[in-house]
Amino acid sequence: MSERSKTWSSHSMDKSITLPPNEIFRNLENAKRFAIDIGGSLTKLAYYSTVQHKVAKVRSFDHTAKDTEDDPLYEISMQEEILARLHFIKFENAYIETCLDFIKDHLVNTDTKVIKATGGGAHKFKDLIEKKLKLRVDKEDEMTCLIKGCNFVLRNIPHEAFVYVKHADSEFRFQNTHPDIFPYLLINIGSGVSIIKVESEDTFERVGGSSIGGGTFWGLGALLTKTKRFDELLQLASKGQHTSVDMLVKDIYGGSYVSLGLTGDLIASSFGKSATADKEFSKEDMAKSLLHMISNDIGQLACLYARLHNLTRVYFGGFFIRGHPVTMHTITYSINFFTKGEVQALFLRHEGYLGTIGAFLKGAEEDNPNQYSWGENYAGSSGLMSTSPDLNPMQRARSGTFDMLEMDRLERQLVNLPLLQDPSSYIPDTVDLSEDALAREYWLYCFEEALDGVVKRAVASQPDLPEAAERAEKFRHKYLHKLQTLRHQPFAYGSLTVRSLLDTREHCLNEFNFPDPYSKIKQRENDMALKYFQKAVKSLEELSWEQRQFALVRGLLAGNVFDWGAKAVSDVLESDPEFGFEQAKRQLEERPWLIDNYDQWLERLNGPPHKCALFFVDNSGIDIILGVFPFVRELLCRGTEVVLASNSSPALNDVTNNELQILTERIAAMDPVIQSAVKEDRLTLVQSGSSSPCLDLSRLDKVLAGVVRERHTDLVIIEGMGRAIHTNYYALLSCESLKMAVIKNSWLADRLGGKLFSVVFKYEVPLDKKPTTLDHVPVTPS
Amino acid sequence: NHVVTKKTFPWFGMDIGGTLVKLVYFEPKDITAEEEQEEVENLKSIRRYLTSNTAYGKTGVRDVHLELKNLTMCGRTGNLHFIRFPTQAMHRFIQMGSDKNFSSLHTTLCATGGGAYKFENDFRTMADLELLKLDELDCLIHGLLYVDSVRFNGHPECFYFENPSDTQNSVKTPCSLADPFPMLLVNIGSGVSILAVYSKDYYKRVTGTSLGGGTFLGLCCLLTGCETFEEALDMASRGDSSNVDKLVRDIYGGDYERFSLQGSAVASSFGHMMSKQKRDSVSKEDLARAMLVTITNNIGSIARMCAVNEKIERVVFVGNFLRINTVSTKLLAYAMDFWSKGQLKALFLEHEGYFGAVGAFLELLKSSEEP
């Protein structure tokens, strides 16, 4: 250790923070509740801040007072809102003094008296921290912090855990987080190994351990190879051949040990050849042999403990693992060998942060962080580092000096949609771009192409703010940088998907205070569409029942063509704002559609009404007013209750819950059917809890889930490309579902075997709910 | 009943492992004058060579203290000798067989261990000898049960440690392996095999580990420059592993109470060696001791987990890693007792590494019983 501290003091003088510090330690002005985890080489700092940021709100005008044709439907205002955010920063111990100085200089909040500390280095740096920050260091148990942190990331970050596959197109296979994260086994490989069984938030037990761990690799490796640094040892190992040092089964048998099924290449005795061989071994070969020996041993113990406790979810962490592809590979190999694939080795994207997250949570108990849902902020988080073999570990350690994770406290608590057939196997996204190189290339290009337009609209949305242009450029720079990162590290934020690309863009826009670039466009379109509503309803009522059912579906689909999120459409809309509803209908593909279950749907409509339909709506304007509302109106007339689920905060031109409330009021004022339904609570508006153009049915507002349950919802309608094609296309529900969208992207249309404006009309009935034709009694509606 | 005696001498059983070749030789003590006269010269010379020496060449050794006296087998009475030499000398051994015209004796050479397969062709081409190849785990179990049944010259073959929780004062205590099943059999050679044995012929290999005797010796050689197992063990006996290993108290200042870990428990094997200063001041003896403790504890830990998973309370440790290695035997006895809170019992056998060879030898006699 003395050698390390020497390195530290000599480095602390000449090293300075290479990035602008205010981009690292963000929001320090109001930071509170600090926690720090000091490991052998890295320090992780956590704090809590409140971020003032702009949100777009709409407020209805009082229309009874004056109601002129020219007045807009509602007013848009920008308000300041306070958002709770967690900041986690990771840096080399060498920077600790500089960082503490910086924090001291910028820390304004005087309420903070204590800093929670964990990790082996907490003791060593205690005095320095107390002197610099004038905060009392309060030590927390390392293992408790680790578990608390682990539970937190597993619960709040989808795609936190992954399986490592060395030779696959994408090395990371992200796992869907099981709705119930417990029980699991955590194998923490620090200098030694601890095996912890976690059964609930507060129940965990160290069921075992081993003294052969990262310290053994490092210590023995240093003795054998005279190589001092852990990273260098791993690098040596990745270049070596263990077969010259290890005694293999074939060295003893001349081949395989067939009767036991032991192949010839299996290691019979680690370092078994080094007792007798007269030759010198290369450092690389010895390092490799050592790495195999230790990884296999840990893997074997992990399997024995997993079997004893009957657990299949086994997470690995600790400095031995921490993002090192070499160790992830050998551990994975070992687990596969010993369990014959029954247990998978799982790794965590934010493994390095677990201790500090846990320490932070210990100190923040009065804020009840575990009562909320949190979301990873893609704008402020660095994402997972590349493990590309050409970036050697040393370079990585030096260049990736500062790593950040930011998590926003979500206003709503998020839970599964109760109607998912199997929550544990539900995957929202249709295409995993990290595994599909062609699709990845296209979509990254597509989002880059669209950036100009997004910037332009962002500026246009804030005409009264002269610095908007400057901010918009910062946004452009940030998002472009994210896209470049993702091009090289598609796995940086979990599986790369169209959804994650869209969400990242929303996060970046919010970051630069463009909470709702489409607010004015949405307002204009809503206004325009409302004027046409009564006429549209009237013309529908003139049709026969059967004609009307088809017209309603076509209307819904045509309305969905109005989507600024899709490039092909935004081009048309931008050049021709008069692009009308009728024109959109003409654009639609004629039946049979690309996916066409309309006949089955019609047949179903001949049957008894649904109890309650949950409708995930999409765009503002024509889509919601002329497409969705008439459709909803028909459902209500049939005797079906309707729950309209819309976004909690803005995303593209999607209608927000806030906007939808005003629209519903206005429509109710015009339409007695809607009015009575609202009054009688047969038409309910709920928030989805999301602010994404896509839809993750495993992270929905808890209130929504409650309503769905109470009303015995038996039909789920999902509308639009983002929610029904990019996501949920393959989602299986336990009740009937209708997925409707117009494909407004020619590449995607091509992929799905259709063409631009092809229609997807997917009506699905779960197998066990399918009525037999015999007891199907048709009811002719009036 | 002299049918069986027609099985021609010499009687051997051989176990060719990764590091050592184990050879058992039956020396008949009831040779009649008539027989002696008929005995061909090279058979006589083999007998004389093996029984009058205790060392063969530079590396062959006869473990005189293990000799089983006055055994009666297939109607013959004699002594069973236990001989070992490094597998590296295998070719010299085969050459000697050729020089002594061993093939003219028309005996069956029963061999087990991986080397039975690896060297089969060399035996054939170099010495015109055919091996009867036998499975090493079958031989191990048969040999073990046999030696235990005939006892060690009137004493029990098996022993355990009384008072295992105190390794300084634990006492080696002979015992009987009567009613041995089920047992977990941990064979520590170059590598380790762990078997769950339910009867003489019903067993399964539970698992194995590559961290075995070969690892101890190999790493010791690399770290200390020693050349033999004896040398490595001698150094280990004089070393102190706490200069090499990081203990719980080195990290937590004392016990880690949250998880009831004693301060004296090893937290990280070779953990102190992360520091250059400590690397520079460490002695070879300390390194050898740490290596021995590391490997032994790891085997103990895996064996214990297997015992729990297989629900077996008796853990029998064999293999040549345990030869002259009281540090390891006492440590294993301690580990089984301590970590299982007295539930598991570690048992050891005097003929540690020779059971495979004995099993092969028994197969020779069995094959001779066939008409």
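Quick notes on the rules
- Residues numbered from 1 in each chain as written.
- Chains lettered and ligands numbered in written order.
- Predicted model: local features only at pLDDT ≥ 70, side-chain atom pairs only at ≥ 80, totals over all residues.
- Heavy atoms only, no water.
- Helix = DSSP H or I, 4+ residues; strand = E, 2+ residues; numbered from the N terminus.
- Rg over C-alpha atoms; globule rule 2.2 N^0.38 Å.
- Buried < 20%, exposed > 50% of the residue type's maximum accessible area, 1.4 Å probe, protein only.
- Contact = heavy atoms within 4.5 Å.
- Areas by Shrake-Rupley, 256 points an atom, 1.4 Å probe, with all protein chains shown as cover.
- Lys, Arg positive; Asp, Glu negative; His and termini not counted.
- Charge placed at Lys NZ, Arg CZ, Asp CG, Glu CD.
- Core = buried A, V, L, I, M, F, W, Y, C linked by side-chain atoms within 4.5 Å.
- Phe/Tyr/Trp six-rings, centres within 6.5 Å; stacked < 30°, edge-to-face > 60°.
- Lys NZ or Arg CZ within 6 Å of the ring centre and 35° of its normal.
- Salt bridge = Lys/Arg side-chain N within 4 Å of Asp/Glu carboxyl O.
- pLDDT = per-residue confidence, 0-100.
- Buried area = accessible area lost by both parts, 1.4 Å probe.
- Polar contact = N/O pair within 3.5 Å; in protein donor to acceptor, adjacent residues only side chain to side chain.
- Nonpolar A, V, L, I, M, F, W, Y, C, P; charged D, E, K, R; others polar.
- Axes fitted to C-alpha atoms, helices over the stretch in contact; angles between N-to-C directions.
- Parallel < 35°, antiparallel > 145°, perpendicular 65-115°, else oblique.

Let's talk about the overall build of chain B
Now for step 1: If you tally the helices and strands in chain B, you get 13 helices and 17 strands.
Now for step 2: Computed over C-alpha atoms, the radius of gyration of chain B comes to 22 Å, within 12% of the 21 Å expected from 2.2 N^0.38 for 371 residues, which places it in the range of a compact globule.
Now for step 3: Counting only C-alpha atoms and orienting by the principal axes, one finds that chain B spans roughly 75 × 45 × 30 Å.
Now for step 4: A buried classification covers 59% of the 371 residues belonging to chain B.
Now for step 5: Within chain B, contacts between residues separated by at least 24 positions form 67% of all contacts whose residues are at least 6 apart in sequence.
Now for step 6: Per element, the accessible surface of chain B, about 15400 Å² overall, is 49% carbon and sulfur.
Now for step 7: Counting 39 positive and 45 negative side-chain charges, chain B places the averaged centre of each group 4 Å from the other.

What about the nonpolar core?
Now for step 1: Judged by nonpolar contacts, the single largest core of 101 residues is most densely connected at I187, F217 and F316 of chain A together with V186, F216, F270 and F317 of chain B.
Now for step 2: In this structure, F216 of chain B is in contact with F229, A232, L233, A288, M291, L292, I295 and F321 of chain B, ignoring residues within four places of it in sequence.
Now for step 3: Counting 77 residues, the second largest nonpolar core, distinct from the first, contains L43, L80, M90 and C175 of chain B.

Section: the packing of aromatic side chains
All names here are of chain A.
Now for step 1: Counting across every chain of the model gives 57 aromatic pairs over all chains.
Now for step 2: Taken together, a centroid distance of 6.2 Å and an interplanar angle of 20° make the contact between F172 and F174 stacked.
Now for step 3: Since its relative accessible area comes to 11%, F174 is described here as buried.
Now for step 4: One aromatic cluster in this structure is built from F162, Y164, F172, F174, F316, F347 and F491.
Now for step 5: Here R409 stacks its cationic end above the ring of Y372, 4.0 Å away from the centre of that ring.
Now for step 6: Geometry around W593 places R591 over its ring, the cationic atom sitting 5.6 Å from the centre.

A short note on the pattern of salt bridges
Residues and elements named next belong to chain A.
Now for step 1: According to the stated counting rule, one finds 62 salt bridges over all chains in the structure shown.
Now for step 2: For K611, the salt bridge is made with E641, and the minimal N-O distance between the two is 3.6 Å. You can see K611 sitting in the loop between α20 (598-605) and β19 (612-616) and its partner E641 sitting in strand β20 (residues 641-646), a full 30 residues away along the chain.
Now for step 3: Judged by its relative accessible area of 38%, K611 falls in the partly exposed class.
Now for step 4: Measuring nitrogen to oxygen at the nearest pair gives 3.0 Å for the salt bridge that ties R723 to D618. Of this pair, R723 sits in helix α25 (residues 721-726) while D618 sits in the loop between β19 and α21 (622-638); the two residues are 105 residues apart in sequence, bridging distant segments of the chain.
Now for step 5: Overall, the relative accessible area of 3% leaves R723 in the buried class.
Now for step 6: Put simply, E97, D101, K104 and K132 are held in one network by salt bridges that share partners.

Here we look at the confidence of the model for chain B
Now for step 1: Per-residue confidence for chain B averages 93 on the pLDDT scale, and 97% of its residues sit at or above 70.
Now for step 2: Among the prediction metrics, the complex's ipTM stands at 0.95, with pTM recorded as 0.88.

Some points on the interface of chain A and chain B
Now for step 1: Listed by partner, the interface residues are 52 residues for chain A and 57 residues for chain B.
Now for step 2: At the boundary of chain A with chain B, total buried surface from both sides reaches about 4500 Å², with 63% on carbon and sulfur atoms.
Now for step 3: In this assembly, chain A and chain B are joined by 0 salt bridges.
Now for step 4: Seen at the junction of chain A and chain B, the total is 20 residue pairs in polar contact (both at pLDDT 80 or more).
Now for step 5: Those elements giving two or more residues to the side of chain A that touches chain B turn out to be α1 (2-14), α4 (142-156), β10 (204-210), α5 (214-225), α7 (249-253), β12 (267-269) and α8 (283-308) of chain A.
Now for step 6: For the side of chain A that touches chain B, the element with the highest residue contribution is α8 of chain A, accounting for 9 residues.
Now for step 7: For the side of chain A that touches chain B, the residue count by class is 27 nonpolar, 17 polar and 8 charged.

A look at the packing of helix α7 (residues 213-224) of chain B against helix α8 (residues 229-238) of chain B
Residues and elements named next belong to chain B.
Now for step 1: The N-to-C vectors of α7 and α8 enclose an angle of 75°; their axes lie 10 Å apart at closest approach. With respect to α8, the element α7 is oriented roughly perpendicular. On the side of α7, the interface is formed by F216, L217, C220 and T224, while α8 contributes F229, A232, L233 and M235.
Now for step 2: Residue composition of the contact of α7 with α8, grouped by class: 7 nonpolar, 1 polar and no charged.

Comments concerning helix α10 (residues 354-363) of chain A
Now for step 1: Within α10 of chain A, 8 of the 10 residues are buried, which leaves it mostly tucked inside the rest of the structure.
Now for step 2: Within α10 of chain A, the full set of buried residues consists of L354, G355, T356, I357, G358, A359, F360 and L361 of chain A.

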